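Letter by letter, the chains look like this.
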Amino acid sequence: MLPDPPNSEPTRTTTTTRPTPPSPKPPRTHKQVEEAESRPPSLQPVLLLSLLIPAAAAICYPFRHRLYAVATAGTPAPSIPEPPKPTTVVGYRPALDPFATSAMGLSGPGALSTARVLALTGLDEHGADSLVVIPRPDATALFGLAEDELLDDDTDGLFIPGNLDAALAYLETELAIRRNTGVTQARRLLLVADCAQEIDRIQALLTQHAGSVSAILLGSWTGDAASVDDSGQVSAPPALAATLPDRVPALSRTEARDRLLAVLARHKETKKPSSKRRSSPRRP
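Residues numbered from 1 in each chain as written. Predicted model: local features only at pLDDT ≥ 70, side-chain atom pairs only at ≥ 80, totals over all residues. Heavy atoms only, no water.

Enquirer: For this particular structure, what's the right way to read unusual backbone geometry?
Expert: What you tend to see is this: most non-glycine residues have negative phi, and most peptide bonds are trans. Despite not being glycine, Ala196 shows a phi value in the positive range, around 45°. Topologically, Ala196 is positioned in the loop between strand 4 (188-194) and helix 6 (199-208). (Helix = DSSP H or I, 4+ residues; strand = E, 2+ residues; numbered from the N terminus.)

Enquirer: Got a minute to help me understand the pairing of strand 2 (residues 130-133) in this structure?
Expert: On any regular strand, side chains alternate: one points to one face of the sheet, the next to the other face. By the alternation rule, side chains of strand 2 split into Ser130 and Val132 and Leu131 and Val133, which are all buried. As paired elements, strand 2 and strand 4 share four bridges and run parallel to each other. Bridge pairing in strand 4 links Leu131 to Leu189. Relative to strand 3 (residues 158-159), strand 2 runs parallel, the two being bridged by two bridges. Across the sheet, the residue bridging to Val132 is Leu158, located in strand 3. (Buried < 20%, exposed > 50% of the residue type's maximum accessible area, 1.4 Å probe, protein only. Pairing = 2+ DSSP bridges.)

Enquirer: Before we go on, may I ask you to explain the pattern of salt bridges in this structure?
Expert: When their charged atoms lie close together, side chains carrying opposite charge are able to pair. Per the stated rule, a full pass over the model turns up seven salt bridges. For Arg201, the salt bridge goes to Glu172, with nearest N and O atoms at 2.9 Å. On the criterion of sequence distance, the pair formed by Arg201 in helix 6 and Glu172 in helix 5 (residues 164-181) is long-range, its members being 29 residues apart. The class for Arg201 is partly exposed, based on a relative accessible area of 23%. (Salt bridge = Lys/Arg side-chain N within 4 Å of Asp/Glu carboxyl O.)

Enquirer: Can you walk me through the confidence of the model for the chain in this structure?
Expert: Low pLDDT marks stretches whose predicted atomic positions should not be read closely. For the chain, mean pLDDT is 77; residues scoring 70 or higher make up 61% of the total. Every residue in residues 85-93 scores below 50 in pLDDT, and together they form two contacts with partners more than four places removed in sequence or on other chains. A low-confidence stretch, residues 280-284 (pLDDT under 50), is modelled with four contacts involving residues beyond four sequence positions or located in other chains. (pLDDT = per-residue confidence, 0-100. Contact = heavy atoms within 4.5 Å.)

Enquirer: When you look at the packing of helix 3 (residues 111-124) against helix 8 (residues 253-270) in this model, what are you seeing that I'm missing?
Expert: Axis angle and axis distance: for two packed helices, these are the angle between their axes and the distance between the axes, and together they describe the pair. Where helix 3 meets helix 8, the axes come as close as 10 Å, and the angle between the chain directions of the two elements is 10°. Considering their axes alone, helix 3 and helix 8 lie roughly parallel with respect to each other. For the pair helix 3 and helix 8, the contacting residues are Arg116, Leu120, Leu123 and Asp124 in the first and Arg253, Ala256, Arg259, Leu260, Val263, Arg266 and His267 in the second. By residue class, the composition of the contact of helix 3 with helix 8 is five nonpolar, one polar and five charged. (Axes fitted to C-alpha atoms, helices over the stretch in contact; angles between N-to-C directions. Parallel < 35°, antiparallel > 145°, perpendicular 65-115°, else oblique. Nonpolar A, V, L, I, M, F, W, Y, C, P; charged D, E, K, R; others polar.)

Enquirer: I keep staring at the packing of helix 3 against helix 4 (residues 136-143) and nothing clicks. Help me out?
Expert: Interhelical geometry of helix 3 versus helix 4 gives an angle of 105° and a closest axis separation of 10 Å. In terms of axis orientation, helix 3 runs roughly perpendicular to helix 4. Judged by residue contacts, Leu112, Ala115, Arg116, Ala119 and Leu120 of helix 3 engage Ala141, Leu142 and Phe143 from helix 4. Split by residue class, the contact of helix 3 with helix 4 holds seven nonpolar, no polar and one charged.

Enquirer: How should the nonpolar core be read in this particular structure?
Expert: Note that soluble globular proteins tend to have their nonpolar side chains buried in a common cluster. The biggest cluster of nonpolar side chains holds 34 residues, and the ones touching the most others in it are Leu106, Ile134, Phe143, Leu158, Val192, Ile216 and Leu260. Elements with a minimum of two residues in this core: strand 1 (103-107), helix 3, helix 4, strand 4, strand 5 (213-218), strand 6 (225-228) and helix 8. The element that contributes the greatest number of residues to this core is helix 3, accounting for seven residues. Sequence-distant contacts of Ile216, defined by excluding residues within four places in its chain, comprise Pro98, Met104, Leu106, Ala115, Leu118, Leu190, Leu191, Val192 and Ala193. With 22 residues, the next largest nonpolar core counts Leu131, Phe159, Leu206 and Ala215 among its residues. (Core = buried A, V, L, I, M, F, W, Y, C linked by side-chain atoms within 4.5 Å.)

Have a look at this one:
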C-alpha cells in the first residue's frame with residue numbers, strides 16, 4: 001500500500017476575539033446624589049396634560065349635546081316652577097286715639113311725654129265732640145301752666161279743675177245726669193291725671209260708666225299700663241299694644257304748652273258754639 005500523500009494546505013489557526021468588557025462607572029459621590037435628589041421633577045408631563053384636557057373637552061362637547069338630544073327626543077321638557085314672588089308685610093301702626101280704651105296707665109321715663117301727646121290729640125283731633133279734663137297740678141306738670149292760666153270756663157274742649165278730687169266730682173255728677181236723663185248726644189269725656197290716692201274711685205267710675213268716659217293715668221295705676229322709655233318706645237300688654245304705635249314722638253313741656261295754646265286759639269277762631277260741659281245747668 002502506498003502512503004497517503006501529504007496535505008498540501010497549511011494548517012489554519014483560529015483566533016477568537018473576546019469583546020472588551022465596558023469599564024465600570026465610577027461610583028457617584030455623596031454630593032452628586034444630593035444634587036440629583038434636589039432637582040425638581042420635570043414639568044413636561046403636567047404641561048402636556050394641561051393641553052390635552054381642554055382639547056379633549058372641546059372635541060367631546062358637541063358629541064355630548066348630540067347624544068343628549070337623541071336620548072331626549074320626543075320627551076317634553078320638564079316645567080320649571082317659577083319662584084314665589086316676594087311679598088312685603090306692612091305692620092299695622094294705629095293712630096293715636098286717647099278714646100281707644102277705657103283706661104290706660106303710663107309709666108317709665110316717657111310717660112309724661114306720651115300723656116302730653118294723648119291729651120293734645122284729644123283736644124286737637126277730637127275737640128269738637130270731646131272734653132279733656134286735667135286737674136290743675138297735672139296741667140302744670142304736663143304743660144307748665146301757672147295757677148291763674150286758662151281759668152275761663154268757656155275754654156273749648158278743656159276743663160281744668162283745681163285738683164283731682166274736683167275733677168272726679170265733676171265726672172261723677174255729669175255721668176250720673178246723663179244716665180238719669182237719658183242723654184245720648186254729649187261730648188266724650190277724657191280724664192288725664194295722676195291717679196294718686198284715688199285709684200279705687202277712678203276704677204269705680206270707669207266700671208259704672210263703661211264706654212262713657214276714658215282715662216289716661218299716670219302714677220301707680222293697678223290696671224293695664226304701657227311702659228314708655230325715654231326714646232318713646234312703647235311696651236304694653238296686648239290689650240293696650242293694639243291701640244298704640246310702637247313709638248310715640250317725644251314732646252317737651254315747653255313745646256306742649258305752645259301747641260296747647262295754639263289749639264285753643266284755633267278753637268276760638270272757628271267761632272262754633274261749644275256744647276255745655278254739663279248736660280244741665282250748674283247749680284249756683
